[in-house]
Amino acid sequence: MKKALLFILLFIGGLNIAMAEKTAEIKFDKITHDFGKFAEKSPVVSCVFTFQNVGDAPLVINQAIASCGCTVPEYTKEPVQPGQKGELKVTYNGKGKRVGRFSKTITVHCNGNPEIIRLTIEGEMTEGE
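## Brief notes about the overall build of the protein
- For the protein, the helix and strand inventory stands at one helix and eight strands.
- Listing every helix and strand of the protein by position from the N terminus yields α-β-β-β-β-β-β-β-β.
- Residue pairs in contact within the protein that sit at least 24 positions apart in sequence constitute 65% of those at least 6 positions apart.
- Per element, the accessible surface of the protein, about 8,300 Å² overall, is 55% carbon and sulfur.

This is the structure we're talking about:
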């Protein structure tokens, strides 16, 4: 009887600890950015994706990986505290690329929920000015 009671108390204590575990949660203001049309003469374009930690634990972006070497992500390296915002800047360099439409993805890995987020940039590089 004492063992059963001890087991039940340990189970309830463990359940409370599990429920009290704090987690980070990431929420982006947008997950797609369209640059529209831009000239081949000015092939470098950038945008910023803003995110917020809507969880109750510090959020850390572990890495952001672009689908192509022509796309470079830069992101907040410090932990983003609950309720705070961070930024992920994406720069696309179309120099030496063919003109026309493009679509690139940036895969973001973090310690939050969700752990993996895919952002998309797209646009159209045109000839001339």
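## A look at the packing of aromatic side chains
- Per the counting criterion, the structure on display carries six aromatic pairs.
- Between the aromatic rings of Phe35 and Phe38, the centroid separation amounts to 6.5 Å while the plane-to-plane angle is 80 degrees, which identifies the pairing as edge-to-face. Take Phe35 and Phe38: they sit in the same class, and that class is buried.
- Ring geometry for Phe38 versus Tyr92: centroids 6.3 Å apart, planes at 75 degrees, classification edge-to-face.

## Quick look at the pairing of strand E7 (residues 100–110)
- Here strand E4 (residues 61–66) pairs with E7 via five bridges, running antiparallel. Bridging from a neighbouring strand, Ala64 pairs with Val108 of E7.
- In terms of strand pairing, E7 meets strand E8 (residues 116–126) through ten bridges, oriented antiparallel. In the sheet register, Phe102 faces E8, and the bridge partner there is Gly123.
- Counting the residues in the hairpin turn of E7 and E8 gives five residues.

Definitions and cut-offs
- Residues numbered from 1 in each chain as written.
- Predicted model: local features only at pLDDT ≥ 70, side-chain atom pairs only at ≥ 80, totals over all residues.
- Heavy atoms only, no water.
- Helix = DSSP H or I, 4+ residues; strand = E, 2+ residues; numbered from the N terminus.
- Contact = heavy atoms within 4.5 Å.
- Areas by Shrake-Rupley, 256 points an atom, 1.4 Å probe, with all protein chains shown as cover.
- Phe/Tyr/Trp six-rings, centres within 6.5 Å; stacked < 30°, edge-to-face > 60°.
- Buried < 20%, exposed > 50% of the residue type's maximum accessible area, 1.4 Å probe, protein only.
- Pairing = 2+ DSSP bridges.

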